[in-house]
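Chain residues, written in single-letter form:
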Amino acid sequence: MGQDIQEHTGNEKTRSRSTSSGSTVHQGIPSAGVTAGQIDLEKVAIGSFNQTPTASTSTEIEEAPSTNTNMAPPDGGYGWVVVGACFLNNFSMLGIMFSWGIFQQLYKDEVFPGQTSAVSWIGTLAFGFMYIVGGVCSLFAAKIGYRKMILMGSVFVAGGCVGASFATQVWHLYLTQGILYGLGAAMANPCILAAPSQWFVVRRGMASGIGISGSGVGGLVFSVLIEKLNASIGHRWCLRVLGIIVWCSMVISAILIRQFSPNGAQAVNVSMKDVETMRKPAFLLLLSGVLLTSFGYFSPLNLLPSYAVDHNLTRGQGAMLNSFLNGASFFGRFAGGIFGDRFGLVNLTVFCVGASALTTLVIWMFATTLPVLLVYVILYGLMGGGFISLLAPVLAEQFGTGSLTILVGITFGVNGLGSLLGTPIATAILASLGGDVVDGVAPNSNKGYRGAVGFIGGIMAVGTCVLFLLKLKVGGKRKAIA
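Residues numbered from 1 in each chain as written. Predicted model: local features only at pLDDT ≥ 70, side-chain atom pairs only at ≥ 80, totals over all residues. Heavy atoms only, no water.

## A closer look at the overall build of the chain
Reasoning step 1: Assigned secondary structure in the chain consists of 18 helices and zero strands.
Reasoning step 2: Here the chain holds 482 residues, and 53% of them are scored as buried.
Reasoning step 3: In the chain, 83% of the contacts between residues at least 6 apart in sequence involve partners at least 24 apart.
Reasoning step 4: Accessible surface, the chain as shown: approximately 19,400 Å² in total, 67% of it carbon and sulfur. (Helix = DSSP H or I, 4+ residues; strand = E, 2+ residues; numbered from the N terminus. Buried < 20%, exposed > 50% of the residue type's maximum accessible area, 1.4 Å probe, protein only. Contact = heavy atoms within 4.5 Å. Areas by Shrake-Rupley, 256 points an atom, 1.4 Å probe, with all protein chains shown as cover.)

## Describing the packing of aromatic side chains
Reasoning step 1: Summed over all chains, the structure comprises 18 aromatic pairs.
Reasoning step 2: When the centroid spacing of 4.7 Å and the interplanar angle of 85 degrees are considered together, the rings of Tyr-297 and Phe-298 count as edge-to-face.
Reasoning step 3: Assessed through its relative accessible area of 5%, Tyr-297 is described here as buried.
Reasoning step 4: On the basis of relative accessible area, Phe-298 is assigned to the buried category, the value being 2%.
Reasoning step 5: With a centroid separation of 5.4 Å and an interplanar angle of 25 degrees, the aromatic rings of Trp-364 and Tyr-376 are classed as stacked. Of this pair, Trp-364 sits in the loop between helix H15 (345-362) and helix H16 (370-399) while Tyr-376 sits in helix H16; the two residues are twelve residues apart in sequence, bridging distant segments of the chain.
Reasoning step 6: Three or more aromatic residues joined by ring pairs form one cluster here, namely Phe-98, Phe-127, Tyr-297, Phe-298, Tyr-307, Trp-364, Tyr-376, Tyr-380, Phe-387 and Tyr-449. (Phe/Tyr/Trp six-rings, centres within 6.5 Å; stacked < 30°, edge-to-face > 60°.)

## A word on the packing of helix H6 (residues 116-144) against helix H8 (residues 170-199)
Reasoning step 1: Running from N to C, H6 and H8 point in directions that differ by 30 degrees, and their axes come no closer than 6 Å. Taken together, the axes of H6 and H8 are roughly parallel relative to one another. The handedness of the crossing between H6 and H8 is right-handed.
Reasoning step 2: Each residue belonging to the contact of H6 with H8 can be placed in one class, and the counts come to 21 nonpolar, six polar and no charged. (Axes fitted to C-alpha atoms, helices over the stretch in contact; angles between N-to-C directions. Parallel < 35°, antiparallel > 145°, perpendicular 65-115°, else oblique. Left-handed = near helix turned anticlockwise from the far one by under 90°. Nonpolar A, V, L, I, M, F, W, Y, C, P; charged D, E, K, R; others polar.)

## Examining the side chain of Glu-397
Reasoning step 1: Along the chain, Glu-397 turns up in helix H16.
Reasoning step 2: In terms of polar contacts, Glu-397 uses its side chain to reach the side chain of Gln-398, at 3.0 Å. (Polar contact = N/O pair within 3.5 Å; in protein donor to acceptor, adjacent residues only side chain to side chain.)

## Description of the packing of helix H14 (residues 315-343) against H16
Reasoning step 1: Viewed as axis vectors pointing N to C, H14 and H16 meet at an angle of 40 degrees, and their least axial separation amounts to 6 Å. Both H14 and H16 take part in a crossing whose hand is right-handed.
Reasoning step 2: Split into classes, the residues belonging to the contact of H14 with H16 amount to 15 nonpolar, ten polar and one charged.

## Thoughts on a nonpolar patch on the surface
Reasoning step 1: Taken together, the side chains of Val-136, Leu-139, Phe-140, Ile-144 and Met-152 define a hydrophobic patch exposed on the protein surface, amounting to about 430 Å² of accessible area.
Reasoning step 2: Take the nonpolar patch: its biggest share by element is four residues, from H6.
Reasoning step 3: Mapped onto the fold, Met-152 is located in helix H7 (residues 146-164).
Reasoning step 4: A relative accessible area of 38% means that Met-152 is categorised as partly exposed. (Patch = residues over 30% accessible without salt bridge, like charges linked within 9 Å, V, L, I, M, F, W, Y side chains within 5 Å. Salt bridge = Lys/Arg side-chain N within 4 Å of Asp/Glu carboxyl O.)

## A word on the nonpolar core
Reasoning step 1: The biggest cluster of nonpolar side chains holds 117 residues, and the ones touching the most others in it are Met-93, Tyr-107, Ile-257, Leu-286 and Trp-364.
Reasoning step 2: Looking at this core, the element that brings in the most residues is H16, giving 15 residues.
Reasoning step 3: Apart from the residues lying within four places of it in its own chain, the contact partners of Leu-286 are Leu-391, Val-394, Leu-395, Phe-399, Leu-467 and Leu-470. (Core = buried A, V, L, I, M, F, W, Y, C linked by side-chain atoms within 4.5 Å.)

## Considering the confidence of the model for the chain
Reasoning step 1: When pLDDT is averaged along the chain, the result is 77, and 77% of the positions lie at 70 or above.
Reasoning step 2: Across the chain, the element-wise mean pLDDT spans from 37 in helix H3 (residues 55-68) up to 94 in H7.
Reasoning step 3: A low-confidence stretch, residues 264-269 (pLDDT under 50), is modelled with eleven contacts involving residues beyond four sequence positions or located in other chains.
Reasoning step 4: Taken as a whole, residues 437-443 scores under 50 in pLDDT and shows ten contacts with residues more than four places along the chain or in a different chain. (pLDDT = per-residue confidence, 0-100.)

## Observations regarding helix H5 (residues 100-111)
Reasoning step 1: Among the twelve residues in H5, nine count as buried, and that is most of the element.
Reasoning step 2: Along H5, the positions that sit buried rather than exposed are Trp-100, Gly-101, Ile-102, Phe-103, Gln-104, Gln-105, Leu-106, Tyr-107 and Lys-108.
Reasoning step 3: Tucked inside the fold, the buried residues of H5 contact helix H4 (79-97), H6, H8, helix H10 (214-256), helix H13 (299-310) and H14.

## Re H14
Reasoning step 1: Taking 1.5 Å per residue as the helical rise, H14 with its 29 residues ought to reach 42 Å, and the 40 Å between its terminal C-alpha atoms agrees with that figure.
Reasoning step 2: By the largest-angle criterion, Gly-336 marks the main kink of H14, which is about 25 degrees.
Reasoning step 3: Gly-344 sits one or two residues past H14 and shows a positive phi near 110 degrees. (Expected span 1.5 Å × (residues − 1). Bend = angle between axes of the 7 residues up to and from the residue.)

## A look at the side chain of Asn-230
Reasoning step 1: Within the secondary structure layout, Asn-230 lies in helix H10.
Reasoning step 2: Not counting residues within four places of it along the chain, the set of residues in contact with Asn-230 comprises Ile-102, Phe-103, Leu-106, His-235 and Cys-238.

Right, dumping it as structure tokens:
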């Protein structure tokens, strides 16, 4: 009898051992904080007490928690270093891309005059490849790790800048400043977008917003820097200097970045659970809304410098508009994450896209003076910046972080399809309505630009409607899954 009591007491003590996450199981009943993996572990452990203890059984009980226990994101700590690394990468890599309008204005007026439509494809190829190929690269990033992907990407991005400096034909720029740069960005971008959301829960929106806001600061700085370098040392040496800057920034970012996985794994594969997530109506609605919005989202960055010059403003004022738009985008990306945490990430996503469409149709459509255009770029930068910074947190909130890199890659791949086609479509509308510049003259620039702006604002308005359906389905703050 005494031996039975002693064995029962030993079993109870063993059952009440704390797991590595801090949860304790008393008398075989798990606490609310225990995960499914931990419950299975306890069942295995409890079942083993009905057998005669052996050395191998004891070893399994001791080692199992270290391999199967889920860890909660720290909501800080080294996560802030990761956020800083993402900010630095976006500052250079995306900052240069978001300043593409400066190069487009230079190429179409001086380097390749009369080839506006052809030149417009260079920047959209970079954006399109970054997002579309990024969907494929996200699978490799999840498998081999973020650091290696970013280091490989840095070589392609810098090579694209340097290669473009030797271009003598438009198709040379397609291959270098477009495709090569875009491929390098595709390797790094899924890692940079996913990493902050892995380290945070309560401050997820804010962390993601800070990381991605680097592109806004970079766009502000590089819009001015590129204009100055083009004027002082020429566009060829300007591209070489940019190649050095972006390579150094991306290498430092790669050294500092780390992944965080709830189960400690640094590599994931596509599972049936991921496939089921991709089939969910909520995910399909999100993809549809992102696709429609992306057709218009990047076009203002590419067209505004040309719009300014064609409306009797100077090239410097056109560059200033790009700088103000990128500067406002920084605050929009940063504030978007903070307000998204407070008012709901899906809620704010719908608001940002709707406000971007409204300002485009109401303000830019009729703007012909610098003050009005400044009002537009500030408002558009604030709202548009919020949209792009909220996508990764929305995915993490609604579908979990287990395969976040893959889901981010797919979502931004769809985004890339719209960004690849949006500006060329808008430019084609501009040219077809008489807004293209031939021999220094635009026959009917006002009519052409209004057609292009109408397309940009209209397609984003349709995207707003689809995202509103997503809000109705999942709720502004409610998660689609636990």
